[in-house]
Protein chains: 2
Amino acid sequence: MESAMPEPAAPEVPYEPTGRTVPTRSRERASYDRALVHSILDEGYVCHLGFIRDGAPVVLPTLYARIGERLYIHGSTGSRPLRMAGEQDPGLAVCLTVTHVDGLVLARSAFHHSINYRSVVVHGTAHQVIDAEERSTVLDALVDHVVPGRSQDSRPANAKELASTSVLRLDLDEVSAKVRTGPPNDEPEDLSLPHWTGVVPLTRGHGTPIPAGDLDPAVTLPDYLKAL
Amino acid sequence: MESAMPEPAAPEVPYEPTGRTVPTRSRERASYDRALVHSILDEGYVCHLGFIRDGAPVVLPTLYARIGERLYIHGSTGSRPLRMAGEQDPGLAVCLTVTHVDGLVLARSAFHHSINYRSVVVHGTAHQVIDAEERSTVLDALVDHVVPGRSQDSRPANAKELASTSVLRLDLDEVSAKVRTGPPNDEPEDLSLPHWTGVVPLTRGHGTPIPAGDLDPAVTLPDYLKAL
């Protein structure tokens, strides 16, 4: 059912489009480029995981990490999607989406207002990860996805914590990216209208780290946080 | 099936919890407070809309706007969820989620690493909006959700644009917020470990507006953009 080591990536081969990864609209914005997909996934903190519960769709935000061509999420063994993936053979049908909002696109016409964004949508089946070595690698990757280098500067999970943590794996197989960049697309007959038009970029950054109240003042800010 | 005017909000009455809005985990983070839900929704640009297509979950990012106790999304009449909502009576079962990632929570133990976030999850049925007056109000609200005041400084949709635009309505009825704030929750036995611990805030802002290349230099930056 699974192997301990992630499969090697094949960066030069795009993902194969399928019926559900080819959009019905704005096809020129869709991409199956592996490096683009990886970069969008690696930049996000939270994905939106969709699954079906009692016949209805559910979308929950959750942390994730990528190792090669596999995505991983984790959670309590009591959480619903993780429990459902364990109960259901062969796994839980999911759709996992990551979106970055890069800018506000202000056209002269209300109709052509838009958002500059980059998103990745992954369709597939999530499986419980059982293998102890893969689980350990994944838990490190989840911490390092939040702050690169952090897993080596924290206490690893103990037996009790490991027992209460479920890990799900989703292979990057049926995948597409969608990207909008650049200025508004106004109609030719609107070009002389008196409205300001252009893009307002949205920025994201890291604020000054806030030490926990119980942090020993002798512990200084580590380099991997200064680098953020 | 629908009325032209949004229903009045009842800000003092919380949303009624239901089986699917009471989380199985971290119940102390859940809230049904109407003002909190509204504030989280109003701050976002993009929601993640989940629905079922051919028996599988789909999660797509899309713009939205709130008017009172109703959420609205829009799109091309050719887009899949909007077409499906029109084809299906009584509407399309959806789950609409908005998430803000506010900070990286670095605990001494890998296990207690987390994210500070605010999210809203809405379960319900999306319906096509047919009423011309409601559609017009919604299209203004969608533009003003991106930049407050902008709808009055752009050309309204013409008949052709209106005919190619679908609008969906989702009542705020089965709704919950989930919020994590504050420092890490380390185990008492970990407090003497030598690892830095605290929160790295994530910031979001607006960059300097970039005028479109074809903008008449005589058109100056409007006040509603200076205010961002």
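Residues numbered from 1 in each chain as written. Chains lettered and ligands numbered in written order. Predicted model: local features only at pLDDT ≥ 70, side-chain atom pairs only at ≥ 80, totals over all residues. Heavy atoms only, no water.

Chemist: So what's going on with the overall build of chain A? Residues and values would help.
Modeler: Each helix and strand counted, chain A has 5 helices and 11 strands in total. Projecting the C-alpha coordinates of chain A onto the three principal axes gives extents of approximately 70 × 50 × 40 Å. In chain A, buried positions account for 54% of the 228 residues. The long-range fraction of contacts in chain A, counting pairs at least 24 apart against all pairs at least 6 apart in sequence, stands at 74%. Of the roughly 10000 Å² that chain A leaves accessible, carbon and sulfur atoms contribute 55%. Of the charged side chains in chain A, 21 are positive and 30 negative, and the gap between their average positions amounts to 5 Å. (Helix = DSSP H or I, 4+ residues; strand = E, 2+ residues; numbered from the N terminus. Buried < 20%, exposed > 50% of the residue type's maximum accessible area, 1.4 Å probe, protein only. Contact = heavy atoms within 4.5 Å. Areas by Shrake-Rupley, 256 points an atom, 1.4 Å probe, with all protein chains shown as cover. Lys, Arg positive; Asp, Glu negative; His and termini not counted. Charge placed at Lys NZ, Arg CZ, Asp CG, Glu CD.)

Chemist: Can you break down the pairing of strand S2 (residues 46–53) of chain A residue by residue, with the values?
Modeler: Residues and elements named next belong to chain A. Counting buried positions along S2 gives 7 out of 8 residues, so the element sits mostly inside the fold. Of the strand pairs in this sheet, S2 and strand S3 (residues 56–63) are connected by 8 bridges, and their pairing is antiparallel. Residue pairing across strands places isoleucine 52 opposite proline 57, the latter belonging to S3. A loop of 2 residues connects S2 with S3, the two strands running antiparallel in sequence, and aspartate 54 in this loop sits at a positive phi of about 50°. Looking at chain direction, S2 and strand S6 (residues 92–106) are connected through 3 bridges and run antiparallel. Within the sheet, the bridge partner assigned to leucine 49 lies in S6 and is leucine 96. (Pairing = 2+ DSSP bridges.)

Chemist: So what's going on with the side chain of A:Arg70? Residues and values would help.
Modeler: Within the secondary structure, A:Arg70 is located in strand S5 (residues 70–76). Within the structure, A:Arg70 has its side chain in polar contact with the side chain of A:Asp171 (distance 3.4 Å). (Polar contact = N/O pair within 3.5 Å; in protein donor to acceptor, adjacent residues only side chain to side chain.)

Chemist: Before we move on, can you summarise helix H1 (residues 34–43) of chain A with the specific residues and values?
Modeler: Residues and elements named next belong to chain A. All buried positions along H1 are accounted for by Arg34, Val37, His38, Ile40 and Leu41. The buried side chains of H1 occupy one side of the element, clustering within an arc of 165° when seen end-on. At its buried positions, H1 is contacted by strand S4 (65–67), S5, S6, strand S7 (114–128), helix H3 (132–146) and strand S9 (174–180). (Arc of directions from axis to C-beta.)

Chemist: Residue-level account of the nonpolar core, with values.
Modeler: Core analysis: the largest hydrophobic core is formed by 28 residues, its most contacted members being B:Leu41, B:Leu71, B:Leu96, B:Val120 and B:Val122. Here this core gets 4 residues from one element, more than from any other, and that element is strand S6 (residues 92–106) of chain B. Apart from the residues within four sequence positions on either side, B:Leu96 is in contact with B:Cys47, B:His48, B:Leu49, B:Leu71, B:Ile73, B:Val120, B:Val121, B:Val122 and B:Leu170. If you look at the next biggest cluster of nonpolar residues, it comprises 27 residues, including A:Val37, A:Leu41, A:Val58 and A:Leu82. (Core = buried A, V, L, I, M, F, W, Y, C linked by side-chain atoms within 4.5 Å.)

Chemist: Run through the interface of chain B and chain A, naming residues and quoting values.
Modeler: Counting residues at the interface gives 87 residues for chain B and 87 residues for chain A. Buried area between chain B and chain A, both sides added, is near 7100 Å², and the carbon and sulfur share of it is 66%. Of all residues in chain B, B:Pro57, B:Arg155 and B:Trp196 bury the most surface against chain A, accounting for 11% of the area lost on that side. For the pair chain B and chain A, the interface holds 4 salt bridges. (Buried area = accessible area lost by both parts, 1.4 Å probe. Salt bridge = Lys/Arg side-chain N within 4 Å of Asp/Glu carboxyl O.)

Chemist: Got a sec to walk through the environment of B:Ala56? Specific residues and values, please.
Modeler: Structurally, B:Ala56 is set in strand S3 (residues 56–63). A relative accessible area of 12% places B:Ala56 in the buried class. With near-sequence residues (within four places) excluded, B:Ala56 lies in contact with A:Arg20, A:Ile52 and B:Phe51.

Chemist: Before we move on, could you go through helix H1 (residues 34–43) of chain B and cite the residues and values that matter?
Modeler: Helical geometry: 3.6 residues make up each α-helical turn, so side chains three or four residues apart lie on a common side. The inward-facing, buried residues of H1(B) abut strand S4 (65–67), strand S5 (70–76), S6, strand S7 (114–128), helix H3 (132–146) and strand S9 (174–180) of chain B. The backbone nitrogen of B:Ala35 lies 3.2 Å from a side-chain oxygen of the residue at the head of H1(B), namely B:Asp33.

Chemist: Report on the relation of the copies chain B and chain A, specifying residues and quantitative values.
Modeler: Overlaying chain B on chain A yields an RMSD of 0.0 Å, the required transformation being a rotation through 180° with an accompanying axial translation of 0.0 Å. Both copies are brought into coincidence by an operation consistent with a two-fold rotation axis. Among all residues of chain B, the minimum C-alpha distance to the rotation axis is found for B:Arg204, at 2.3 Å. A symmetric contact is evident, with 100% of the interface residues of chain B recurring at the interface of chain A. (Least-squares fit on C-alpha atoms with pLDDT ≥ 70 in both.)

Chemist: Now, about the pattern of salt bridges: what can you tell me, with residues and values included?
Modeler: Considering all chains together, one arrives at 28 salt bridges over all chains under this definition. Where A:Asp171 meets A:Arg169, a salt bridge forms, and the shortest distance between an N and an O atom there is 3.3 Å. Note on A:Asp171: relative accessible area 30%, which makes it partly exposed. Of the charged contacts in the structure, one is a salt bridge between B:Glu43 and B:Arg118, with a shortest N-O distance of 2.9 Å. Here B:Glu43, found in helix H1, pairs with B:Arg118, found in strand S7; they are 75 residues apart in sequence, far enough to count as distant. You can call B:Arg118 buried: its relative accessible area is 17%. Here the salt bridges do not stand alone but share partners, grouping A:Arg70, A:Glu134, A:Arg169 and A:Asp171 into one network.

Chemist: So, the side chain of B:Thr21: which residues are in play, and what are the values?
Modeler: Residues and elements named next belong to chain B. Residue position: threonine 21 is located in the segment before strand S1 (30–31). The class of threonine 21 is buried, set by a relative accessible area of 3%. Residues in contact with threonine 21, not counting those within four places in the same chain, are Glu16, Tyr32, His123, Glu174, Val175 and Ser176.

Chemist: So what's going on with the packing of aromatic side chains? Residues and values would help.
Modeler: A full pass over the atoms with the stated rule returns 0 aromatic pairs over all chains. Over the face of the ring belonging to A:Tyr15 we find A:Arg34, whose NZ or CZ atom lies 4.2 Å from the ring centre. (Phe/Tyr/Trp six-rings, centres within 6.5 Å; stacked < 30°, edge-to-face > 60°. Lys NZ or Arg CZ within 6 Å of the ring centre and 35° of its normal.)

Chemist: Break down the confidence of the model for chain A for me, citing the residues and quoting the values.
Modeler: Per-residue confidence for chain A gives a mean pLDDT of 92; residues scoring 70 or more make up 94%. Across chain A, the secondary-structure element scoring lowest on mean pLDDT is helix H2 (residues 80–87) of chain A, at 75, and the one scoring highest is S6(A), at 98. (pLDDT = per-residue confidence, 0-100.)

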